[in-house]
Every structure is written in C-alpha cells, then in structure tokens.
Amino acid sequence: MTTGSGEGVEAVDTGASGSRRLMVLLAAAMFVLVVDTSLMNVSISAVIKDLDTTASGVQSAIALEALVSAAFILINSKVGDLMGRKRAYVLGLTAYAIGALSMTLAQSLLPIVLFWAILGGLGASLLLPAMQSLIHGNFSGGAQKQAYALVGAAAAIAAAIGPLLGGFVTTYLSWRVGFGLEVVIIAVVLLQIRLVKDVPYTGDRHVDVVGAVLSVVGMGGVVLGILVWQEGGEYVGLLMVLGAVALVLLARWLVRRKRASKLTLLDPDLFRFPHFTAGVTGQMMQQITLGGAMIALPLFFQMTLEYDALEAGLSLAPLSLTMFAAALVAGRRAGERRPAAVIRAGFVLSTLGIAIILPLVPRVDSGWWLVVPLAIAGCGLGLLVSQLNNYTLAPISGDRVSEAAGVNSAAGSFGLSFGLAMAGGLMLAALSFSFTHQVQDSNVIPADEQAQITAALEDDAEVMSNTQLDELITGQPPEVEQAVLDINESARNRSLQIALLVPLLAGLIGLANSFRMMRLPDQKPLASLEGMDFG
C-alpha cells in the first residue's frame, strides 16, 4: 500500500552478529518455499498414478498455487503490516505446512487444490513480505547483510538442487515423504519462533479495498479462464474478459485515487519510471519463459521418455544448475558491463535454448540430447536472475523500494502462473486437435471407434505415456492398438512442441524489450536492494 509515510521501522538490536540460529531458520523456511514446486514438477507421473488423476489436473494445481500467491501478495503485504509481521510469518508458514501435509495424506486431487494450491499460495503471499520485514527489523549492520545473503543463497540452492532432491526422494522413498519432510522443517522453524522479534508498523493503517479486489479479480480472472479452458470447463471467455476489464479498471482507479491524494494499493507513479516499467516487463517475460518450460519439459521426460522422478530430475539438472551458476557468476563478475546488455544476452540464450529443444522433442529417445540446449537456456535464465531485479528497482528511492519490490514480485508470480496455464491449455488443445484428425484419417481404426475416440477427446483430452494408454486399450486388435499408440506418440509430441512456443514467444518479447532497455541510460541504485528479490 502507498501511504507516503513509509513504514517507520527501526531495526531491532540483536547484537553485532545477530542470531545465527535465526538466520538459519529463516533460510530453512525459504528453502522449503522454493523446493516445493520443484518436488511437484518431477513427481508428476508418480502423483498421477497414486491419486488416479490426470497430468492436466496436477499442472493446473501448480499454476493455481502460483496464481494465488501473485494475486494476493500486494494486499497480504498490507494485511501482514496490520496484523503484525511475526503473526503473518507464523500464519504463512502454518498455511504452507498444511498444504504440504495435504500432499502427504491426499487420496485425490481435490485436497491438493484446496490446501496445497489455494491455502499454500495464500501462505506464501503472507510469508514473503513478512520475512523481508522481519530480517530488516531483527538484524542490523553486517548481520543484516549476512541474513539477506543466507536466505537468498538458500533460495538459489533450492532452485538448483530441487529437481535432483525431489527426484531422489520420489524414486527411492515417495513423493509423500518429500512433502512430509517439508512439514518437519516448518515445524522446527515454528518451534523456534521465540527467536523472532516482531517489527511494529507505524504507517497508514487504512486499506485500499477496491484496489485489492480489482487486483485479485484481474489477475485471477485471466489465469483462471485459461485453467478452466484447460480442464474443458465453461465460461472461459467470461472469466478472461472479467479479468482483463478488472485490470483496466484497476489502472484507472489507482490513477484517480493518486490524483485525489488518497491511499492506493500501489503507487501508479512507479510506472512513470521507464527502467521500472521495462524491468517489470522483463521480469514477467522471464517467468512466463520459466513457467512454460516447466510445464512441457517434465511432461516430455515423464510421458514421452517415460522417465521416473529421479531420471526426470537428472534430465532437468542442466537447466537448474547452469541457471544457478550463471546467476552466481554474473552477479559477482558483471564488472563494467551494462545490466541491459547482460539482460539482452540472457534473453538471447534462453530463447536459443528453447528454440533448439523444439525440433528435438519428436526425434530424441534420451534426455542426453537435451543437455546442451537446456544448459544454454539455463545460462540465459541465470543472467536474467542476476540483473533484472536490480535494474527494475534502481531508479526507486528508499522510501518506495519495498513497495516497488512487491509489485515486481507480483508481476513475476503472475507471469509464472500465466506461463504454466497458457502452455498447459495450448498443449491440451493441440493434443485434442491432432489426435482427433489423425484418428479420423486412419485407415486402420474402425469408423465406430473413431467416433468414440473423437467424442471422448472433446471432453477429456489428456497427456498419456504409451504405457498408460496401452493399458486402457487392451483387447483391441493388435493393428488397432499399434495405430492408436502411434497416433498418441505423434499427437503428444506435437502438443508439447506447441506448449514450448509459449516460453519461446515470451523470450522473444523479452528480447525485444531488452533493446528498449539498451536505449535507456544506466541507473545506479538509489537505495539498498538487499533482500528485495524474495519471491
């Protein structure tokens, strides 16, 4: 919320070095938040099998979790201010723990949607802003820098090793054990909550309710419309139009309230800074690229190549590890290179990597073929991670940088959810279209069965491995079974290629935006940006 008065928060004196144990606990909480989605991605095939659900259902839950976090992070930042940052931190962690516990105990997809996606997303939107404020208020001087560095490192390490860790646990134990371990870590953190000193909020305690509602409806309507389309539901157009209209009304509402010197959900004047506008656009495109890739690649490894969770995690490792390494190296050794030039190089590499993968999808029989393009894409995404946050927030003064960071984080989370949802929706639409037309053109499949398959796909197109499909069509003549399996192979690979067009196009838009960045003069940060890249 924009108040003009700032937070008025002073750091709590915890001694020269602060509480090392508190730093570790905060880092552990951040590790769980980041590793959670990686665990879900590499466990898709195991979750589908254990819960007797669908790939699109699981991917919708992943996209919904990101959407809820994005839609509520701005308003929940204010809610956390009003209820107390420590309480918001506890409630956020508790909600996340309930979500992880639901994954451990779930026997169907419904509790995962309700508790892991929705409640967990709400928890993340409370937790991230509260954690930022608590670090700022519980540490000072060098200890504060150490705390920010440790928590940031925990997030980066979780993103790098998440696919490997999740794959190992899922393959040799169970995906339920992985989420159960998250519950244990959160429980340990909460048992030490006495170490956290609350940070009082002294700013304006009013809430821009209209702005908050329009923000939630706007982001929610657009992405929910895509998810409903993906699941074959109704009112898709209405939801998307409602979301788009709400976002337009939000922009007008914020400008009108600002002119009247009234409280706003966020300061629309932030978008008068060309660096901020270009940076937020780049952040959104980067996250759409990542989201689209993380919908298609795990399904390719687990459905086309029929890898188990560990094999899928190992296959994704070139992307996650090079992303971590490139971000680390570029962050430390960018030197005199212009941030905009590094960002441009990042979009070039990420787009090139995805472009190389596209023609390989129907032609390769091993994840080894994708090591180089995944590493190229990972290096590109790492370059973007190293520069985009600082570039976006550089022109923002100290009293507004926290708010600007929240907007940047919300834009990134919205981009991630949009990329997941759009890639998933296009993938299923392409699968249905391609499968139907190939079945109708088949000279092997009898006409009555062609009609049955076409009718079924109109309501329930689903990504399946050939092994899964073979179990469903047992009893058919061998030539019919083989024809259906061949069609499934062709249609599935084509649909995955179309899904990869989402990150490819997002990368190209980001690349075009980076040329706009190059035309802007370099801007040195007007305020300390430590801890402003959470979420």
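This is a predicted model, so every value here is computed, not measured.

Side note on the overall build of the protein
What the protein contains, in helices and strands, is 17 helices and zero strands. Within the protein, buried positions represent 56% of all 535 residues. The contacts in the protein between residues at least 6 apart in sequence include a share of 86% that link residues at least 24 apart. Summed over all atoms, the accessible surface of the protein reaches about 22,000 Å², with 64% contributed by carbon and sulfur.

So, the packing of aromatic side chains
Summed over the entire model, instances satisfying the criterion amount to six aromatic pairs. Both rings, one in Phe-271 and one in Phe-276, keep their centres 5.3 Å apart while their planes meet at 70 degrees; by these two values the pair is edge-to-face. Take Phe-271: its relative accessible area is 41%, and that puts it in the partly exposed class. Taken together, a centroid distance of 6.3 Å and an interplanar angle of 35 degrees make the contact between Phe-414 and Phe-418 tilted. Of this pair, Phe-414 and Phe-418 both sit in helix H14 (residues 401–440), four residues apart, which is roughly one turn of that helix. Grouped by ring-pair contacts, the aromatic residues Phe-300, Phe-301 and Tyr-307 constitute a single cluster.

Describing the confidence of the model for the protein
Put simply, the protein has an average pLDDT of 83, and 88% of its residues get 70 or more. The secondary structure element of the protein with the lowest average pLDDT is helix H15 (residues 447–459), at 65, and the one with the highest is helix H12 (residues 339–360), at 94. A low-confidence stretch, residues 2–18 (pLDDT under 50), is modelled with 43 contacts involving residues beyond four sequence positions or located in other chains.

How each quantity is defined
- Residues numbered from 1 in each chain as written.
- Predicted model: local features only at pLDDT ≥ 70, side-chain atom pairs only at ≥ 80, totals over all residues.
- Heavy atoms only, no water.
- Helix = DSSP H or I, 4+ residues; strand = E, 2+ residues; numbered from the N terminus.
- Buried < 20%, exposed > 50% of the residue type's maximum accessible area, 1.4 Å probe, protein only.
- Contact = heavy atoms within 4.5 Å.
- Areas by Shrake-Rupley, 256 points an atom, 1.4 Å probe, with all protein chains shown as cover.
- Phe/Tyr/Trp six-rings, centres within 6.5 Å; stacked < 30°, edge-to-face > 60°.
- pLDDT = per-residue confidence, 0-100.

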